[in-house]
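The residues making up each chain are set out below.
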Amino acid sequence: ELIRFASDRLGCLQTYDQEHDGDLIACLRAYLAGGSEIKTTAETLRLHRNSVRYKLQRIEEIAQVDLTDAEVRFQLQLALKIVDLQLAIKRSTLN
């Protein structure tokens, strides 16, 4: 169920990134890790603030979310943690 939770929230962004060689997931991750601050996100990603705003707008459109909603941000951050945990488990079973 956790994997489905993450997929429901991030699947469309992961698909978009794969099909368009994009980095929306990385932008979302930086945005959430930076306290939802555009300036901090821009500095972390070494992008102009307008580029970050555009990417966040695309995230909202593609994932059909409102990043101004704290509950939505929490769910997206949780979904990213689930994905990270899933990857860590896969890596540990390969070693």
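Anything mentioned here points back to the structure above.
Residues numbered from 1 in each chain as written. Predicted model: local features only at pLDDT ≥ 70, side-chain atom pairs only at ≥ 80, totals over all residues. Heavy atoms only, no water.

(A) Fine view of the packing of helix H1 (residues 2–20) against helix H5 (residues 70–94). At a minimum axis separation of 9 Å, H1 and H5 run at an interaxial angle of 105°. Classified by the interaxial angle, the pair formed by H1 and H5 is roughly perpendicular. Every residue of H5 that contacts H1 at Leu2, Ile3, Phe5, Ala6, Arg9, Leu10 and Gln14 is listed here: Gln75, Leu76, Leu78, Ala79, Leu80, Ile82, Val83 and Gln86. Of the residues belonging to the contact of H1 with H5, the class tally is eleven nonpolar, three polar and one charged. (Axes fitted to C-alpha atoms, helices over the stretch in contact; angles between N-to-C directions. Helix = DSSP H or I, 4+ residues; strand = E, 2+ residues; numbered from the N terminus. Parallel < 35°, antiparallel > 145°, perpendicular 65-115°, else oblique. Contact = heavy atoms within 4.5 Å. Nonpolar A, V, L, I, M, F, W, Y, C, P; charged D, E, K, R; others polar.)

(B) Seen up close, the packing of helix H2 (residues 24–33) against helix H3 (residues 38–45). At their nearest, the axes of H2 and H3 sit 8 Å apart, and the two run at 125° to each other. Taken together, H2 and H3 sit at an angle that is classed as oblique. In terms of crossing hand, the pair formed by H2 and H3 is right-handed. The residues of H3 that touch H2, namely those facing Ala26, Cys27, Ala30 and Tyr31, are Ile38, Thr41, Thr44 and Leu45. By residue class, the composition of the contact of H2 with H3 is six nonpolar, two polar and no charged. (Left-handed = near helix turned anticlockwise from the far one by under 90°.)

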